[in-house]
Structures are given as structure tokens and as C-alpha cells.
Amino acid sequence: MIIHIQKLVALLLISGSLLFSSVSSAMPDYFQPFSVNDLLMVLKEAGLETQPKPLDDGRIIVPITIEGEESFLLLYGCNDIKCPNISSIQAVFRVENLSPIKRRTLLTHINLFNHNYPYGRSYLDSNGRAVFEMDLMTNHGITASRLASFLGSLAGLQEIFVEHMKKLESDMNTKSAKFSNNISSEENEIPTIDSPNETS
């Protein structure tokens, strides 16, 4: 567990510094209330320019790309696209296009990830995709440094989650290949039995 935490802290420090190395000193230290425009300003300062989109259920979705990985932010407490007072943010990241892996095996490794990195939650969605989520409460306002920490955490955990799931995929493919090779070898070793000569 200590090794996992040390790795995460190192990644968070790197991700946070890369994301927010150019944040303007003129940015407010504290946002209350915290609006969509405030969020977009912080994201733009971090080099994450994006456009929010409304969902049918009233939430706002904000797609972002961090270190080449696509994810999105779901904004709660909104009645329109301007959303003057965001109550909470849910960051969501999905690992797409995993090779066919038994659901039980996937769940075992997702549970292992949740055990080792208790800073969010991961699960399988209805389409069998591996999903990672993190939440941030903003209904009482938020500091710029707290938001930076949240996005830095998302960046670091995305990298770890992808690495975790892709390693599982690689291990399963290797085992499958070994199993196929063993089956093929056994088939080649099966002795042939000549048919008895027909007698009249």
C-alpha cells in the first residue's frame, strides 16, 4: 500500500506542476460561488480549453484531455449552461476497447485498484467498460489550489488506472496465447492409429 501511495504522490506532483505551471497570479484564490465561467477560466489557464455541453437531465458535461487521455467533468446543481453556482463536480474517465476479458477477472482487478488507490472509485459500466470517477464538492466555494489539486489527482490516477487495466489486458492475452500454443502442441502429439485392413 505504501508503494502505491508513493507512486501516486510522485505522479500528482508531476501532473499538477505540468498542468498549472502557467497559471496566472492574477487568478482569484477563492471562488464563492463557483460558476461554469470560473471553471473554464481555471481550465484555460491550465491549457485545457473546452466547451461545456448541457445534458437532458440538467447536468453540464465538460470534456477535457489531460496528457493525451480523454475524460469529462459532470457539473451538478446547474439549471442552464451558465450555471452560476456549481454544487459539485464529478470527473469521469473510461478505458475503452479492452480485449474480451471475463467479467469476474475484470471485477477482481478493479477491486484491487480500489483497494490500492482509495482516492476515487472504479467499476464496470453497463457496456463493460472500466470506469474511474472522482468527486469534488464546490457548493461552499473552492480555492484555486484545491481545484488544481483535484485536476492533478485526476491526471495522475488516469495514468495509473490505464496502466493497471492495460497490464491486465496484456497478461490475459499472454495467458491466452500460451494456452492456444499448448493446445496446438498437444494436438500435434496425438498419435495416429492406422485403420485395420478390411478382410473379405
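Here we look at the pairing of strand E5 (residues 88–95)
At step 1: Across the 8 residues that make up E5, a large majority, 7, are buried.
At step 2: Where strand E4 (residues 69–76) and E5 come together, 5 bridges link them in antiparallel fashion. Residue pairing for E5: Leu 75 is matched across the bridge by Ile 89.
At step 3: Pairing geometry for E5 and strand E7 (residues 130–137), over 8 bridges, is antiparallel. Each bridged residue has a counterpart across the sheet, and for Phe 93 the counterpart in E7 is Phe 132.

Some details on the state of the cysteines
At step 1: Throughout the structure, instances matching the rule amount to 1 disulfide.
At step 2: Each sulfur in the disulfide pair Cys 78 and Cys 83 lies 2.0 Å from the other. Disulfide Cys 78 to Cys 83: torsion about the S-S bond roughly -75°, handedness left-handed. Here Cys 78 matches Cys 83 in class, with each residue buried.

Some words on the side chain of Glu 133
At step 1: Position of Glu 133 relative to the elements: it lies in strand E7.
At step 2: Residue class for Glu 133 comes out buried when judged on its relative accessible area of 8%.
At step 3: Side-chain polar atoms of Glu 133 contact the side chain of Tyr 123, separated by 2.4 Å.
At step 4: For Glu 133, the residues in contact, after removing those within four places along its chain, are Gln 90, Ala 91, Val 92, Gly 120, Arg 121 and Tyr 123.

With respect to the pattern of salt bridges
At step 1: A complete count under the given rule lists 4 salt bridges for this structure.
At step 2: Here Asp 135 makes a salt bridge to Arg 121, at a shortest N to O gap of 2.8 Å. Here Arg 121 lies in strand E6 (residues 121–124) and Asp 135 lies in strand E7, a separation of 14 residues in the sequence.
At step 3: Between Arg 129 and Asp 125 there is a salt bridge whose closest N-O contact spans 2.8 Å.

Remarks on the confidence of the model for the protein
At step 1: For the protein, the mean per-residue pLDDT works out to 78, and 72% of the residues sit at or above 70.
At step 2: Averaged pLDDT values for the elements of the protein fall to 47 in helix H1 (residues 2–20) and rise to 95 in E7.
At step 3: Between residues 1–18, whose pLDDT stays under 50, and residues either more than four places distant or in other chains, the model counts 23 contacts.

How each quantity is defined
- Residues numbered from 1 in each chain as written.
- Predicted model: local features only at pLDDT ≥ 70, side-chain atom pairs only at ≥ 80, totals over all residues.
- Heavy atoms only, no water.
- Buried < 20%, exposed > 50% of the residue type's maximum accessible area, 1.4 Å probe, protein only.
- Helix = DSSP H or I, 4+ residues; strand = E, 2+ residues; numbered from the N terminus.
- Pairing = 2+ DSSP bridges.
- Disulfide = S-S within 2.5 Å.
- Polar contact = N/O pair within 3.5 Å; in protein donor to acceptor, adjacent residues only side chain to side chain.
- Contact = heavy atoms within 4.5 Å.
- Salt bridge = Lys/Arg side-chain N within 4 Å of Asp/Glu carboxyl O.
- pLDDT = per-residue confidence, 0-100.

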